[in-house]
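So you can see what is in the structure, the chains are spelled out below.
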Amino acid sequence: MVFGLTNYVGPSFARFKSGENYHFALGLLPHLEISGRLAEMDAYVGDRIGARDLSANVKFMLPRFYDWQPDIAVGVNDISGGATYFKSTYVAMSDRLGPLRWTVGAAKGEDYLGNYFASAELPLWRSGASVILERNGSANNLGLRYASPAIAFLANARVVASAQRAFRTTTPAGKPYERSAFGVNLVIPVGENGRTWDVPARPAAVAVATAYPQAAPVTMPVQQGAGQAAPAPAPL
């Protein structure tokens, strides 16, 4: 279970001054995750109106049949709601190469994800911190992520915080885009995960939009079990 908040506003929404994204995700079955998201974007002074999008997302993670098989997830974002700013379908694949966690995927729908996306995450020893480089849509992002140790009095929950900066990025109008964004998430293990935080050998496949900043929270890979779909290393 994840509760998240981020102020990320991608280059596709550069016409807005700022934004907030509130996210909730829950694994109902071992391979199925549903999530909800409220995005609120504020207009620049002089503009008449901002934007709001309340959406639902679904992600399914394919079972692993072989030890060498990467984690693979398919999903649909923004399947309901009036605005559908983030409506898209995607497939993503994720694995490890030594200490490096990588994800690649393809998406179809609104242009905030683009046709392809990718990310790489390198842990900084055993500090709980990691460096992340990602490409989604027309955005290049570089950032840091920190995951706290399990907090016993909060049912073994973890706090995951992130900071990122866009670089060498342009808006759909061709203008330079450089913004910073911050996020914080509370990740609560449920079911069998409530008893332990067993980090697996490879991360779960990314759930874009519940995988990338516009659509999802930062989650930590944890042991898969009853009541918890394998979470995705969501974007910063």
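Residues numbered from 1 in each chain as written. Predicted model: local features only at pLDDT ≥ 70, side-chain atom pairs only at ≥ 80, totals over all residues. Heavy atoms only, no water.

**Details of the packing of aromatic side chains**
Part 1 of the argument: Applying the stated criterion to the full structure yields three aromatic pairs.
Part 2 of the argument: For the pair phenylalanine 13 and phenylalanine 86, a centre-to-centre distance of 5.3 Å together with 55° between the ring planes defines the contact as tilted. Residue phenylalanine 13 is located in the loop between strand E1 (2-6) and strand E2 (16-29), and its partner phenylalanine 86 is located in the loop between strand E5 (71-77) and strand E6 (88-97); the two are separated by 73 residues in the primary sequence. The same class applies to phenylalanine 13 as to phenylalanine 86, namely buried.
Part 3 of the argument: Plain terms: the ring middles of tyrosine 66 and tryptophan 68 are 5.0 Å apart, the flat faces sit at 10° to each other, and that makes the pair stacked.
Part 4 of the argument: For tyrosine 66, a relative accessible area of 49% corresponds to the partly exposed category.
Part 5 of the argument: Residue classification places tryptophan 68 among the exposed positions, given a relative accessible area of 62%.
Part 6 of the argument: When the ring centre of phenylalanine 86 is taken as reference, the NZ or CZ atom of arginine 37 above it lies at 3.8 Å. (Phe/Tyr/Trp six-rings, centres within 6.5 Å; stacked < 30°, edge-to-face > 60°. Helix = DSSP H or I, 4+ residues; strand = E, 2+ residues; numbered from the N terminus. Buried < 20%, exposed > 50% of the residue type's maximum accessible area, 1.4 Å probe, protein only. Lys NZ or Arg CZ within 6 Å of the ring centre and 35° of its normal.)

**Side note on the pairing of strand E8 (residues 116-123)**
Part 1 of the argument: As paired strands, strand E7 (residues 100-109) and E8 are joined by six bridges and run antiparallel to one another. In the sheet register, tryptophan 102 faces E8, and the bridge partner there is alanine 120.
Part 2 of the argument: Of the strand pairs in this sheet, E8 and strand E9 (residues 129-136) are connected by seven bridges, and their pairing is antiparallel. Residue pairing across strands places glutamate 121 opposite isoleucine 132, the latter belonging to E9.
Part 3 of the argument: Adjacent in sequence and paired antiparallel, E8 and E9 are bridged by five residues, among which tryptophan 125 carries a positive phi angle near 55°. (Pairing = 2+ DSSP bridges.)

**Here's the deal with the sheet that holds E8**
Part 1 of the argument: Strand order in the closed barrel made by the twelve strands is E1-E2-E3-E4-E5-E6-E7-E8-E9-E10-E11-E14, with antiparallel pairing throughout. The average angle at which neighbouring strand axes cross in this sheet is 20°, direction not considered.
Part 2 of the argument: One ladder, built from seven bridges, connects E5 with E6; its direction is antiparallel. Opposite alanine 73, over in E6, you have alanine 92 as the bridge partner. (Axes fitted to C-alpha atoms, helices over the stretch in contact; angles between N-to-C directions.)

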